[in-house]
Amino acid sequence: MLSTYLLTAVVASFKYRGFHKAPDNSIELLSLTPALFSLSIFLFSLHSPALYDSKRIIQIFFLFTITTIFIFSPLKLSKNNLYLTTFLLTFAILSINNFTIETLLYLLHYILLFSFIILGYKIKKNLKTTLLSILFLNLLIISCSILNLSIYAFFDNTVKADDIIYGFNNIRFFNQFQVLSFPVLIYYLNNNKLSRIAFIILLLNITFLFITGARGAIISCMITTLLGINLKIINRDNFKIILKATLSALILFFLYSLFIESNQTIGYTFRTSSSSRIEIWLNLLRNLSIKELFLGNGIGSYINYNFGVRHPHNSILQLVYELGAIPAFTIVGFVLRVIYKNIKKNKDGEISPEHETCLLALLSMLTLSFFSGVIVMPIPQTFMLIFLGVLISNSENAGSRSDIFFTSSYWLKIILTSTLIIYLASAFITYKCKDNSFLGPNYWAHGQFSIEYCNFSF
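Residues numbered from 1 in each chain as written. Predicted model: local features only at pLDDT ≥ 70, side-chain atom pairs only at ≥ 80, totals over all residues. Heavy atoms only, no water.

Let us look at the overall build of the protein. A tally of helices and strands in the protein yields 21 helices and 4 strands. For the protein, contacts bridging at least 24 residues in sequence account for 77% of all contacts bridging at least 6. Entry remark: accessible area of the protein is about 22,000 Å², with carbon and sulfur atoms responsible for 65%. (Helix = DSSP H or I, 4+ residues; strand = E, 2+ residues; numbered from the N terminus. Contact = heavy atoms within 4.5 Å. Areas by Shrake-Rupley, 256 points an atom, 1.4 Å probe, with all protein chains shown as cover.)

Attention shifts here to the packing of helix α5 (residues 79-94) against helix α18 (residues 325-347). Contact pair α5 / α18: the axes reach a minimum separation of 10 Å and the direction vectors enclose 150°. Taken as axis vectors, α5 and α18 run roughly antiparallel relative to one another. The handedness of the crossing between α5 and α18 is left-handed. Residue-level inspection shows N81, L84, F87, L88 and F91 of α5 in contact with α18, the latter providing I326, P327, T330, I331 and F334. For the contact of α5 with α18, a count of residues per class yields 8 nonpolar, 2 polar and no charged. (Axes fitted to C-alpha atoms, helices over the stretch in contact; angles between N-to-C directions. Parallel < 35°, antiparallel > 145°, perpendicular 65-115°, else oblique. Left-handed = near helix turned anticlockwise from the far one by under 90°. Nonpolar A, V, L, I, M, F, W, Y, C, P; charged D, E, K, R; others polar.)

A cluster of nonpolar side chains, contributed by L36, L39, L43, F44 and L46, occupies part of the molecular surface with about 430 Å² of accessible area. Inspection of the secondary structure puts F44 in helix α3 (residues 33-47). Given the relative accessible area of 40%, F44 is considered partly exposed. (Patch = residues over 30% accessible without salt bridge, like charges linked within 9 Å, V, L, I, M, F, W, Y side chains within 5 Å. Salt bridge = Lys/Arg side-chain N within 4 Å of Asp/Glu carboxyl O. Buried < 20%, exposed > 50% of the residue type's maximum accessible area, 1.4 Å probe, protein only.)

This part covers unusual backbone geometry. The phi angle at K232 is positive, at roughly 65°, despite the residue not being glycine. When you line up the elements, K232 lands in the loop between α12 (215-230) and α13 (236-259). Positive phi values are uncommon outside glycine, yet H313 reaches one of about 60°. Relative to the assigned elements, H313 resides in the loop between α16 (290-295) and α17 (315-323).

To continue, consider the environment of L180. When you line up the elements, L180 lands in helix α10 (residues 171-188). In contact with L180, not counting residues within four places along its chain, are A361, M365, I379, F383 and F387.

Turning next to the side chain of N342. Relative to the elements of secondary structure, N342 occurs in helix α18. Beyond its immediate chain neighbours, meaning those up to four positions away, N342 contacts I351, L359, L391, N394 and S395.

Our next topic: the packing of aromatic side chains. By convention here, two paired aromatic rings are described through the distance between centres and the angle between planes. For the coordinates displayed, the defined rule picks out 18 aromatic pairs. On the basis of an interplanar angle of 55° and a centroid distance of 4.8 Å, the ring pair of F87 and F91 is categorised as tilted. Separated by 4 residues within a single helix, F87 and F91 lie in helix α5, roughly one turn from each other. With relative accessibility at 28%, the residue F87 sits in the partly exposed group. A residue is classified by how much of its surface remains accessible, and F91, at 15% relative accessible area, is buried. Between the aromatic rings of F174 and F208, the centroid separation amounts to 6.4 Å while the plane-to-plane angle is 80°, which identifies the pairing as edge-to-face. (Phe/Tyr/Trp six-rings, centres within 6.5 Å; stacked < 30°, edge-to-face > 60°.)

Our next topic: the environment of N306. Here N306 is to be found in the loop between α16 and α17. Among the residues examined, N306 registers a relative accessible area of 70% and is labelled exposed. When the C-alpha positions of N306 and I280 are compared, they lie 9.0 Å apart, and in sequence the two are 26 residues distant.

Below, the discussion takes up α5. Taking 1.5 Å per residue as the helical rise, α5 with its 16 residues ought to reach 22 Å, and the 23 Å between its terminal C-alpha atoms agrees with that figure. Among the residues of α5, those classed as buried are N81, L84, L88, F91 and A92. Angularly, the buried residues of α5 cover 105° about the axis, an arc narrow enough to put them on a single face. Among the exposed residues of α5, those pointing more than 90 degrees away from its buried face are Y83 and L94. (Expected span 1.5 Å × (residues − 1). Arc of directions from axis to C-beta.)

For the rest of this paragraph, the subject is the nonpolar core. Formed by 127 residues in total, the largest nonpolar core has its most connected members in Y188 and F387. Residue contributions to this core peak at 12 residues, all from α10. Among all residues touching Y188, those that are not within four sequence positions of it are K128, L131, L132, L135, L194, S195 and A198. (Core = buried A, V, L, I, M, F, W, Y, C linked by side-chain atoms within 4.5 Å.)

Once that is clear, we can look at helix α4 (residues 51-71). With 21 residues, α4 extends 30 Å between its outermost C-alpha atoms, agreeing within 8% with the 30 Å of an ideal straight helix rising 1.5 Å per residue. The buried count for α4 comes to 15 of 21 residues, which makes it a mostly enclosed element.

As structure tokens, then:
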């Protein structure tokens, strides 16, 4: 019933914005890509057993499509951003210690991810479809997860959170998507037509945060709420609704703990045991040489056999380890500058509710990135960069003299097209030639490139 109602709302939103007619310009078509990305995530979850890898493949497809569009379009870029991009690209190349096909894949992937930032910049005035798609995807996943929970509770004696969460083979990946969705759900609490649906989805999401024992995600949502109140993005009425949803979720969680046999109940959710995050971070810092501190080890190079991880579950430490301290803190400084300018404009009432939501969503994901692999995973990685692009558009002066317009020359088009082809080839080869016993996830769910494991059958 809820899904039907929301699907009707999606269609109505498209018609209201003129998508039932031929689009007047490419911006309207580009504004649909995040929604199509969300829809593809759900559809692939219906049929693909490789849930993580299928999401990466979807990201590759949209990254290829968007980059191809931008290759043949004029591009506006400020001198400062051009210098920053050149600086980071130089350090990314210098950080490479051992050049392999996987190193090439990681390098090209992070270069091409700039397309998502550009996409956010271009669709800054057409964000409602993107936000609605996140709401819709969240509703579908939550609805299917409730169905899974009902089936397991009826036919099985024990229930595990990993079994009931639909579309994700790791509950922490699902929790990352929940944190991304949290500000979007708050945004729709102000929508007269969708406020009740948003409240129900918010209630169920908080309940699943408790069921899955997502301590990091719970802390992130709490900090996001406090930041939203301080920035006046979340008003008093919305805070009361969030509080009501949280108290109702606690009641549902206690009922779940009483009536469903599971080892993931109250003791699991409010556990005081360590998740080894601090040990991983200390291990990284102890083993970091002076050379590695300044020059890094190369993008995607981190691996810890003792703890069985391919990323250190901390965005700043990962940037320092892979790129070196100077580019890492340059990126941090740039992002903080963008956030500061948006907060300042928000206090002056100069940004829209949609941009406020992007600001709050980026803050929520950055908070979670201090103890989770948010910057590695396909879904949060994609939307974080799109939202960053939206916020960059607010942090720059319109019509600045430092703006540079690029119209791709013939040779530049050939170089960029060749880069895309090499990227696709390296992604294909590393997927088909990998030892799945190797640790993950990073780019792929598991595995390391190995010729002897090549299997090119479809």
